[in-house]
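Now for the letters of each chain:
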Amino acid sequence: MIWLEWIIKISAAVCALIGLWKLVVTFVHFLDDIKKDIKETKEYVMKNIKNVESIPAIEEHCRENYMTGLRLTIMSDNMPLGERITAGIKYLEGNGNGEVKKFLINELHINDIQKD
């Protein structure tokens, strides 16, 4: 019976070692996956960094589109006068200039209007 006890003890030790080995292998694979994810994220960011550099240009285009919409609203005879005046005030606040500003001053008398 002593040999049976030795076989049981050896089997338990082998199972414990196999369990430890599995734990170590799983942990190493987990670390490799994290390193791989970090590397992929870094590559993605570096590849798309040019988008970050173009944000000021996008903001400028957005502002130009906004001012164009205001100009169209101001100059359109089909728009109600109140909307044209409101757009004119926003246009002047956005440093709008040129012929549209002259139109606002001469035709819509924007300087004579009280701004709330």
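Per chain, the residues get numbers from 1 upward, laid out in the order the sequence is written. At least 70 in pLDDT is required for a residue's local features to be given in this predicted model, at least 80 for side-chain atom pairs to be given and counted, and no such filter applies to totals for whole chains, interfaces and linings, which use all residues. Excluding hydrogens and water, the side-chain values take into account all heavy atoms of the structure.

### Describing the overall build of the chain
Defined as follows: Helical segments are the DSSP runs of H or I of at least four residues, strand segments are the runs of E of at least two, and each set is numbered from the N terminus. Computation of the radius of gyration draws on C-alpha atoms alone. For the globule rule, the value is 2.2 Å times the number of residues to the power 0.38. Relative accessibility decides the category of a residue: with a 1.4 Å probe and only protein chains considered, values under 20% of the type maximum give buried, values over 50% give exposed, and everything between is partly exposed. In this analysis, two residues are considered to be in contact whenever any of their non-hydrogen atoms come within 4.5 Å of each other. Under the convention used here, a 1.4 Å probe and the Shrake-Rupley method define accessible areas, while residue burial counts only the protein chains that appear. In this tally, Asp and Glu contribute negative charge and Lys and Arg positive charge; neither His nor the terminal groups of the chain are included. A charged residue contributes its charge at one atom only: NZ of Lys, CZ of Arg, CG of Asp or CD of Glu.
A tally of helices and strands in the chain yields five helices and zero strands. Scaling as 2.2 N^0.38, a compact globule of 116 residues should have a C-alpha radius of gyration of about 13 Å, whereas the chain reaches 36 Å, well beyond that. Structurally, the chain occupies a C-alpha span of about 115 × 30 × 25 Å along its principal axes. Counting all 116 residues of the chain, 14% fall into the buried class. Pairs at least 24 residues apart make up 40% of the contacts formed inside the chain by residues separated by at least 6 positions. Carbon and sulfur atoms provide 63% of the accessible area of the chain, an area that totals close to 9,900 Å². Considering the chain, the positive charge centre built from 15 side chains and the negative charge centre built from 17 side chains are found 7 Å apart.

### Observations concerning the pattern of salt bridges
Let me state the cut-off plainly: Any carboxyl oxygen of Asp or Glu that lies within 4 Å of a side-chain nitrogen of Lys or Arg is treated as forming a salt bridge with it.
According to the stated counting rule, one finds two salt bridges in the structure shown. Its salt-bridge partner being Asp77, residue Arg84 comes within 3.8 Å of it at the nearest N-O pair. The class of Arg84 is buried, set by a relative accessible area of 8%.

### Digging into unusual backbone geometry
Positioned with a positive phi, Asn95 is a non-glycine residue whose angle comes to about 65°. Secondary-structure assignment places Asn95 in the loop between helix H4 (81-93) and helix H5 (99-106). At His109, a residue that is not glycine, the phi angle is positive and equals roughly 50°. Within the fold, His109 resides in the segment after H5. A relative accessible area of 41% means that His109 is categorised as partly exposed.

### Some remarks on the side chain of Arg84
To keep things clear, this is the line we draw: Identification of polar contacts relies on pairs of N or O atoms within 3.5 Å, with a donor-acceptor requirement for protein atoms, meaning one able to donate a hydrogen and the other able to accept it, and with residues adjacent in sequence counted only if both atoms are side-chain atoms.
Position of Arg84 relative to the elements: it lies in helix H4. Side-chain polar atoms of Arg84 contact the backbone oxygen of Ser76, separated by 3.2 Å. Arg84 has contacts with Thr73, Ile74, Met75, Ser76, Asp77, Met79, Phe103 and Leu108, leaving out every residue within four places of it along the chain.

### Describing H5
Going by this rule: It is the directions from the helix axis to the C-beta atoms that the arc portrays.
The complete set of buried residues in H5 reads Val100, Phe103 and Leu104. The arc that holds every buried residue of H5, seen down its axis, measures 100°, which confines them to one face. In this structure, H5 carries Glu99 and Asn106 as exposed residues pointing more than 90 degrees from its buried face. Where H5 is buried, its residues meet helix H3 (55-75) and H4.

None of this, on its own, says anything about what the molecule does.
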